[in-house]
Amino acid sequence: MKRFKNYLMYLAVLAMLMTACSKDEIESIPTDEPEMATLNFGAVLNDLVDQQSLTRQATTLPDCSELVPSYVHVVLSGTTAVGTYEDPIQVDVNPTPGDYDDDGTEEYFTMESSDLELAPGPYSLDYFAVYDENDVLIWLAPYGESDYIDWVDVPLPMDFDLGAGTKKYLDVEVLCFDDRTVNEFGYLFFDLHPTQAIEFCIFGNYCDDNGRHYPAEYSVNIWSGTDDTGEVLHSGVQNTVEMDDNGDYSGSPVCFALPDIGGEETVDNYYVEITLLNSDAYGDVTEEVIRSFTLTDVQVRTLFDGEDAIDYWHFREGVGCATDSPVFTDNGTPPVIDEDTNIYIYFDSSGSMNSTLSPLQVMRNTLLRDALIGLYGNDDDLYDSKVRVISDGSERTLNMLNFQGETPTGNVISLVFQDEAENIYHSGGAWDENTARTAAYDMDIDALRTRLNSFPSGYYRGVIFQVETDTWGAFANFKSLVEYMENGTGNYAGNYGLSDRIEFGYNYGVIPGASAEYYKDLIVQALEDLGYQL
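None of the values given here were measured: they were computed from a predicted structure. (Residues numbered from 1 in each chain as written. Predicted model: local features only at pLDDT ≥ 70, side-chain atom pairs only at ≥ 80, totals over all residues. Heavy atoms only, no water.)

Visitor: Describe the sheet that holds strand S15 (residues 218-224), naming the residues involved and giving the relevant values.
Guide: As summarised here, the arrangement of the four strands in space is S16-S15-S20-S21, forming an open sheet in which the pairing is antiparallel. Two strands close off the open sheet at either side, each with one partner strand: strand S16 (232-238) and strand S21 (289-296). Between one strand axis and the next, the sheet turns through 10° on average, direction left out of account. As judged from the four bridges shared by S15 and S16, these two strands associate in the antiparallel manner. Counterpart to serine 219 in the pairing with S16 is glutamine 238. (Pairing = 2+ DSSP bridges. Helix = DSSP H or I, 4+ residues; strand = E, 2+ residues; numbered from the N terminus. Axes fitted to C-alpha atoms, helices over the stretch in contact; angles between N-to-C directions.)

Visitor: Explain the packing of aromatic side chains to me, and be specific about the residues and the numbers.
Guide: The geometry of an aromatic ring pair is captured by two quantities: the separation of the ring centres and the angle between the planes. Using the criterion set out here, one finds 25 aromatic pairs in the structure. Ring centres of phenylalanine 403 and tyrosine 460 lie 5.7 Å apart, and the angle between their planes is 35°; on these two criteria the pair is classed as tilted. You can see phenylalanine 403 sitting in the loop between helix H7 (397-401) and strand S27 (412-418) and its partner tyrosine 460 sitting in strand S28 (residues 460-467), a full 57 residues away along the chain. Each member of the pair, phenylalanine 403 as well as tyrosine 460, is classed as buried. Three or more aromatic residues link up through ring pairs in this structure, and these residues are Tyr344, Tyr346, Phe403, Tyr459, Tyr460 and Phe504. (Phe/Tyr/Trp six-rings, centres within 6.5 Å; stacked < 30°, edge-to-face > 60°. Buried < 20%, exposed > 50% of the residue type's maximum accessible area, 1.4 Å probe, protein only.)

Visitor: Provide a residue-level description of the sheet that holds strand S29 (residues 504-510), including the pertinent values.
Guide: Ordered by their spatial adjacency, five strands build an open sheet running S26-S25-S27-S28-S29, and the pairing between neighbours is parallel. A single partner strand is all that each edge strand has here, and the edge strands are strand S26 (387-392) and S29. Each strand of the sheet is rotated relative to its neighbour by a mean of 15°, with strand direction disregarded. In this structure, S28 lies alongside S29, joined through five bridges in parallel fashion. Paired with valine 463 across the strands is glycine 505, a residue of S29. With respect to the sheet, helix H10 (residues 516-529) is in contact with strand S25 (342-348), S27, S28 and S29, its orientation differing from that of S29 by roughly 150°. (Contact = heavy atoms within 4.5 Å.)

Visitor: Explain the pattern of salt bridges to me, using residue names and the numbers behind them.
Guide: A full pass over the atoms with the stated rule returns 12 salt bridges. Salt-bridge contacts for aspartate 297 lead to arginine 301; the nearest nitrogen and oxygen are separated by 3.3 Å. One end of the pair is aspartate 297 and the other is arginine 301, both in helix H3 (residues 297-301) and four residues apart, which spans about a single turn. Here arginine 301 falls in the buried class, since its relative accessible area comes to 18%. Between lysine 520 and aspartate 521 there is a salt bridge whose closest N-O contact spans 3.0 Å. (Salt bridge = Lys/Arg side-chain N within 4 Å of Asp/Glu carboxyl O.)

See below:
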């Protein structure tokens, strides 16, 4: 093995050529078995020449180690399927290499395996990986259109034929492996580590302008990390929406395996984008990204239901839809209501929805108290000090969401009941998302977003309850304003809206002057949609 170590010392780029015969061709050797064919592999480290003289365009290859091959994992398809990514076949490597073809380089050979006694016919080698005796993956054959295929002559999948009664030796080029470059080989992390993956499932609804709900048709992209510059884990995965035998449309969820590299000891991040698509169920829409967010493995695990079941993450898109559920805090822990939680229920007291104030107060003093008092240690005085109905006639929605600039100890939930913000954030006449924003709006959105960025994880959540006093003029414009902020539309995109923030919920079409029971149910549902366990 001295020769092997010298290669590692002097070469920045190494490959392993799996061979047992001429490097220029694959030979077939007749055997005494007339029906079956036998497949074998061999291995030798091959000098690719100095890296600076190469014209191949690829990212830097990972460094090679001095680990010695012990066995290989193989997946074949074709006349007979052999192994899967989840359960590849394992074939031992002969521990004693030798220069069997007199080319000056030592070769490793696989041992005979009954799994590779195959029916004659066409085959494809789809996966080939080499491990050491401690189950460490050390060499891997590049696959498909990966970044590393320029470093080998024949990447996988590799097509070949097995003739009846022959023993076939197959050349397979492999490169030194590093987990951090798994995607450059053309594989996903969990292809190589199927036991280190967790499952995440998405289901969606779409609501049209009339508030009617449909199963959403959508596609999903997922990257590792916190933005779309990470490694692609899943690309363009689309669900299906079909009409059933009763003439109703139903949608399927989509589920993904996500790499859980460190288990529960470390936090893995995934960046998700969801694009709404046209559908026979609801017709044509603007096909654009409607959700983009960072997810962690901790958040994914909160959706596990026992040992075997998984709850879907449910998005709801469009006018009249409820909020996504659940909504998580930035550090992956569902938000909690406890004895330190301040719940501010803001009421727009400018005059147009006065009939709503009394039932809100009754609700806070009775029904909501009954629903939440256990979370405040059954202490009425503590509940009264923490859960308040606050009249505010300023119509500055964002300032109320910002709890008027206060910074109370504990965490905060701000619930705003409002029906319009005429002349503060919008007009009462012709107005839409492309109308210039008001100075008051710009001041309040900047203050709110600045504060959001300063809050610790889990400190804050807010909900806007759009009270539908009427459906024309300023009332209609306020509803549109909330939709523009939620969806990042027109002049309310980016830092001038809230579409990129996970802290908020939106509830449209709230009935003014309704019962205390009605408002209690709205608030409890909104809190549960935000991820709180009541």
